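Below are the chains, spelled out letter by letter.
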Amino acid sequence: MKSKLRIGNGYDVHLLAPGLRLVLGGIELSHTKGCVAHSDGDVVIHALCDALLGALSLGDIGHHFPDTAPEFKGIDSKILLERSYKLVLEKGYKLVNADITILLQRPKMAPYIEEMRKSLAQTLSKVDIRYSCDIEDISIKATTTEGAGFVGREEGVAVYAVVLTEKICE
């Protein structure tokens, strides 16, 4: 008998550069630096997509949405999240909850966390209303690295995501 629960883990990192947009968790933040990326560079969503895909052994975000494909140039990562979650639902599973940790020196994330949680829950809920996602199902935490490493030097941002999925019983 196959398990009714599946866990997925995701990780993403992007370099930061002056003058670019900083999009995290589906919202744009005001900052002097943004992510260097083929898409909009939303590392929160990219890590979440990898966690969702990984939970069902569906590969990774690069497999489904390669950064060499012109159709993904500048794409809103919420579209990638919708497509990733659709693949999870097609395998007969739904999201139970997600736990996401952002590693970023600046800007401080506390003022943005609730808006990010809402954005992610709304994006996931759009895929199939029968398996809507509540804001309580999305946890986002943030930390600095106390000045250590590429995150501490404000050269990049990293995100870890873990999800729990459950077999849909119909």
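Now for a look at the structure at hand. Quick caveat, the model's predicted, so the values are computed rather than measured. (Residues numbered from 1 in each chain as written. Predicted model: local features only at pLDDT ≥ 70, side-chain atom pairs only at ≥ 80, totals over all residues. Heavy atoms only, no water.)

We now examine the pattern of salt bridges. On inspection of all chains with the given rule, the structure shows nine salt bridges. Arginine 106 is paired through a salt bridge with glutamate 154; the nearest N and O atoms lie 3.0 Å apart. One end of the pair, arginine 106, is in the loop between strand S5 (93-103) and helix H4 (113-127); the other, glutamate 154, is in the loop between helix H5 (149-152) and strand S7 (156-167), with 48 residues separating them in the sequence. Since its relative accessible area comes to 42%, arginine 106 is described here as partly exposed. The salt bridge involving aspartate 128 is made with arginine 130; its shortest N-O contact spans 2.6 Å. With relative accessibility at 18%, the residue aspartate 128 sits in the buried group. (Salt bridge = Lys/Arg side-chain N within 4 Å of Asp/Glu carboxyl O. Helix = DSSP H or I, 4+ residues; strand = E, 2+ residues; numbered from the N terminus. Buried < 20%, exposed > 50% of the residue type's maximum accessible area, 1.4 Å probe, protein only.)

Turning our eyes to something else, we now look at the state of the cysteines. If you walk through the whole model with that rule in mind, you get zero disulfides. A disulfide-free cysteine, cysteine 133 has its sulfur positioned 13 Å from the sulfur of cysteine 49, the nearest such atom. Here cysteine 169 is not cross-linked by a disulfide; its sulfur's nearest cysteine counterpart is in cysteine 133, at 18 Å. Judged by its relative accessible area of 63%, cysteine 169 is exposed. (Disulfide = S-S within 2.5 Å.)

The next thing to look at is a nonpolar patch on the surface. A contiguous nonpolar surface patch, about 270 Å² in accessible area, is contributed by Tyr11, Val13 and Tyr160. By the secondary structure assignment, valine 13 is in strand S1 (residues 5-18). With a relative accessible area of 34%, valine 13 lands in the partly exposed category. (Patch = residues over 30% accessible without salt bridge, like charges linked within 9 Å, V, L, I, M, F, W, Y side chains within 5 Å. Areas by Shrake-Rupley, 256 points an atom, 1.4 Å probe, with all protein chains shown as cover.)

Before going further, it helps to examine the packing of aromatic side chains. Under the definition given, this model contains two aromatic pairs. For the pair tyrosine 11 and tyrosine 160, a centre-to-centre distance of 4.8 Å together with 45° between the ring planes defines the contact as tilted. A residue pair is termed long-range when its members are at least 10 positions apart, and tyrosine 11 in strand S1 and tyrosine 160 in strand S7 qualify at 149 residues. For tyrosine 160, a relative accessible area of 41% translates into the label partly exposed. (Phe/Tyr/Trp six-rings, centres within 6.5 Å; stacked < 30°, edge-to-face > 60°.)

All right, on to the pairing of S5 then. Across 10 bridges, the pairing between S5 and S7 is antiparallel. The partner of lysine 94 across the bridge, within S7, is glutamate 166. Pairing between S5 and strand S6 (residues 138-143): six bridges, direction parallel. Residue pairing for S6: leucine 103 is matched across the bridge by threonine 143. (Pairing = 2+ DSSP bridges.)

Bear in mind that shape data such as this cannot, by itself, settle questions of function.
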